[in-house]
Amino acid sequence: MTTDINGTALAVFIFLFALVTVMGFVASRWRKPETLAHIDEWGLGGRNFGTWITWFLVGGDFYTAYTVIAVPALVYTVGAYGFFALPYTIVVYPFVFMVMPILWKRAKDFGYVTAADVVHGQYGSRGLELAVAATGVIATMPYIALQLVGMTAVLKALGLHGELPLAIAFIVLALYTYSAGLRAPALIAFVKDIMIYIVVIAAVALIPSKLGGYANVFASADAAFQAKGAGNLLLGGNQYVAYATLALGSALAAFMYPHTLTGIFASNSGKTIRKNAIMLPAYTLLLGLLALLGYMGHAANLKLDSANDVVPTLFKTLFSGWFSGFAFAAIAIGALVPAAVMSIGAANLFTRNFWKAYVDPKVSDAGEAKVAKVTSLVVKVGALLVIIFLPTQFALDLQLLGGIWILQTLPALVFGLYTNWFRAPGLLAGWFVGFCGGTYLVWDAGWKPLHLISLGGEPFTVYTGLLALAANIAVAVVVNALLPAKVPARA
């Protein structure tokens, strides 16, 4: 710890953090089932979450602490290009409205817990199931680590340095997730989302008045971009295609992640999911307001060690200690909710599609729940070790790859909901090409998720994930067409 601690801010932060910790442990008694020793109850909340619980839960694990930190940081660094998160979180909801109720029904009817369960049930292929499960786990791990990046930025602004405060926060998270399962983040999400709304609305209403109004905010940001020769208030050059493809690819990938699918599978009906697809864009409005904090950082002439410090430094500089503590608690709690759901999603995948598939096929319901609980602890510890012992850039690079990787599971998971034409060998070959090809293109571009394409005219940049997905689908179609025709089953 250092002497730059604001006692008032720290006291408010500790009080609110303690409050949600108590809520996390109380959650095991909230809507208490006969037993939590069942993966449906521990990992999916009994598949009984209604419209409002689902709205807060999905919003809580989709709009994360790292979102609160990273989106304004990206806007602060590159300007308009950082707003790609807005169209992406608009495009995704028609996809959710059309596809997710069908996926939910398939999972509900057959007792599936994970995306890989759905794939195995559709195609009967252990290889394709394992590919989908492994992709989900490795794509989720850096996502959890980045929640710690968001929490670290807040703890730093509070004057708390070193790994101990971060470790304590995550140990508390691990314990109540182990105890209550998905009910813990679902209950805490109510508090987290309300706090985030208060913080963002207060920020966009009050900060500009302290900085000379929005006209000065935009003028200061424009001057800063011109001075450093990078970034702009408006898109330009070949950014349009990159912006559009990045938004589309991110939207298609968003609900392939285990944590977002966990929120979908925990819903009590397809109607609940459709309602949420209509209501969740309210978070996009919040995200747009939040992104403006990046421009405000220039108007405030902040001195930053890292762009990730924009939001915490704004609150620390421009608000009183008690409100800064409230804002920092909102962001920190915003790390706990998605990290908990992500670890549960990864644990469900490991338990159902590795442990039960290969290690103990006759495992009992209670045994499944036990394995999932222990795995969720291991996943959290792994994410914590990544942040403590490896450079933050490593987690960032892995997260960029994770979005490309998880997108490659879309054909296997979604196509089978609408047609029986595709078969496992073709989809597995497509996944392999998309996964490995996408990884190579990102590595070849210097760990950037965009690829420059020249077709004779002016070159343009495309999101690598969409290129990999196109190759994935093309290979799946070709291999499937070359396979021998299915032999009809005898009557």
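Bear in mind the structure is a predicted one, so any value in this text is a computation, not a measurement.

(A) Representation of the overall build of the protein chain within the structure. Counting its regular elements, the protein chain contains 21 helices and two strands. A compact globule built from 491 residues should have a C-alpha radius of gyration of about 23 Å, and the protein chain, at 22 Å, falls within 12% of that. A principal-axis box enclosing the C-alpha atoms of the protein chain has dimensions of 80 × 65 × 40 Å. Counting over 491 residues, the protein chain shows a buried share of 58%.

(B) Broad picture of the packing of aromatic side chains. By the definition in use, this model includes 28 aromatic pairs. With 6.2 Å between their ring centres and 70 degrees between their planes, F225 and Y295 make a pair best called edge-to-face. With F225 in helix α10 (residues 214-228) and Y295 in helix α14 (residues 281-299), the pair connects residues that are 70 residues apart, well separated along the chain. A single burial state applies to F225 and to Y295, both of which are buried. Pairing F415 with F422 gives two aromatic rings, centres 5.1 Å apart and planes at 40 degrees, and the pair type is tilted. Since its relative accessible area comes to 11%, F422 is described here as buried. Among the aromatic residues, those joined into a ring-pair cluster are W52, W55, F56, F190, Y197 and Y283. The positively charged end of K210 is found above the aromatic ring belonging to F319, 5.8 Å away from the centroid.

(C) Inspection of the nonpolar core at higher detail. One finds M100 and F315 to be the most contacted residues of the largest nonpolar core, which totals 175 residues. For this core, the element with the highest residue contribution is helix α16 (residues 321-359), accounting for 20 residues. Among residues more than four places away in sequence, those in contact with M100 are F95, F255, M256, L261, I264 and I273.

(D) Region of interest: the packing of helix α20 (residues 424-444) against helix α21 (residues 464-482). The interhelical angle for the contact between α20 and α21, taken along N-to-C directions, is 155 degrees, at an axis separation of 7 Å. For the element pair α20 / α21, the angle class is roughly antiparallel. The way α20 lies across α21 gives a crossing that is right-handed. On the side of α20, the interface is formed by P425, G426, L427, A429, G430, W431, V433, G434, G438, L441 and V442, while α21 contributes T464, L467, A468, A471, N472, V475, A476, V479 and N480. Residues belonging to the contact of α20 with α21 are distributed by class as follows: 13 nonpolar, seven polar and no charged.

(E) Representation of the pattern of salt bridges in the model. Under the definition given, this model contains ten salt bridges. Residue D305 is joined to K156 by a salt bridge in which the shortest nitrogen-to-oxygen separation is 3.3 Å. Here K156 lies in helix α7 (residues 126-158) and D305 lies in the loop between α14 and α15 (310-318), a separation of 149 residues in the sequence. By relative accessible area, which is 29% here, K156 ends up partly exposed. Among the ionic contacts, a cluster of salt bridges with common partners joins D117, R352, K356 and E368.

(F) The arrangement of the packing of helix α3 (residues 51-62) against α16 in detail. Packing of α3 against α16 brings their axes to within 7 Å, and their N-to-C directions diverge by 95 degrees. Classified by the angle between their axes, α3 and α16 sit roughly perpendicular to one another. Facing α3, whose interface residues are L57, G60 and D61, α16 presents V337, P338, V341 and M342. Along the lines of polarity and charge, the residues of the contact of α3 with α16 split into five nonpolar, one polar and one charged.

(G) Summary view of unusual backbone geometry. At N301, a position not held by glycine, the phi torsion is positive, near 55 degrees. Here N301 shows up in the loop between α14 and α15. One non-glycine residue, W447, lies in positive phi territory at about 65 degrees. In this fold, W447 is placed in the loop between α20 and β1 (450-453). Of the residues examined, W447 reaches a relative accessible area of 36% and is grouped as partly exposed.

(H) Structural view of the pairing of β1. Residues H451 and I453 line the buried face of β1, whereas the alternating positions L450 and L452 sit on a face that is not buried. Here β1 runs beside strand β2 (residues 460-463); their pairing, made up of four bridges, is antiparallel. Across the sheet, residue L452 finds its bridge partner in β2, namely T461.

Calculation notes
Residues numbered from 1 in each chain as written. Predicted model: local features only at pLDDT ≥ 70, side-chain atom pairs only at ≥ 80, totals over all residues. Heavy atoms only, no water. Helix = DSSP H or I, 4+ residues; strand = E, 2+ residues; numbered from the N terminus. Rg over C-alpha atoms; globule rule 2.2 N^0.38 Å. Buried < 20%, exposed > 50% of the residue type's maximum accessible area, 1.4 Å probe, protein only. Phe/Tyr/Trp six-rings, centres within 6.5 Å; stacked < 30°, edge-to-face > 60°. Lys NZ or Arg CZ within 6 Å of the ring centre and 35° of its normal. Core = buried A, V, L, I, M, F, W, Y, C linked by side-chain atoms within 4.5 Å. Contact = heavy atoms within 4.5 Å. Axes fitted to C-alpha atoms, helices over the stretch in contact; angles between N-to-C directions. Parallel < 35°, antiparallel > 145°, perpendicular 65-115°, else oblique. Left-handed = near helix turned anticlockwise from the far one by under 90°. Nonpolar A, V, L, I, M, F, W, Y, C, P; charged D, E, K, R; others polar. Salt bridge = Lys/Arg side-chain N within 4 Å of Asp/Glu carboxyl O. Pairing = 2+ DSSP bridges.

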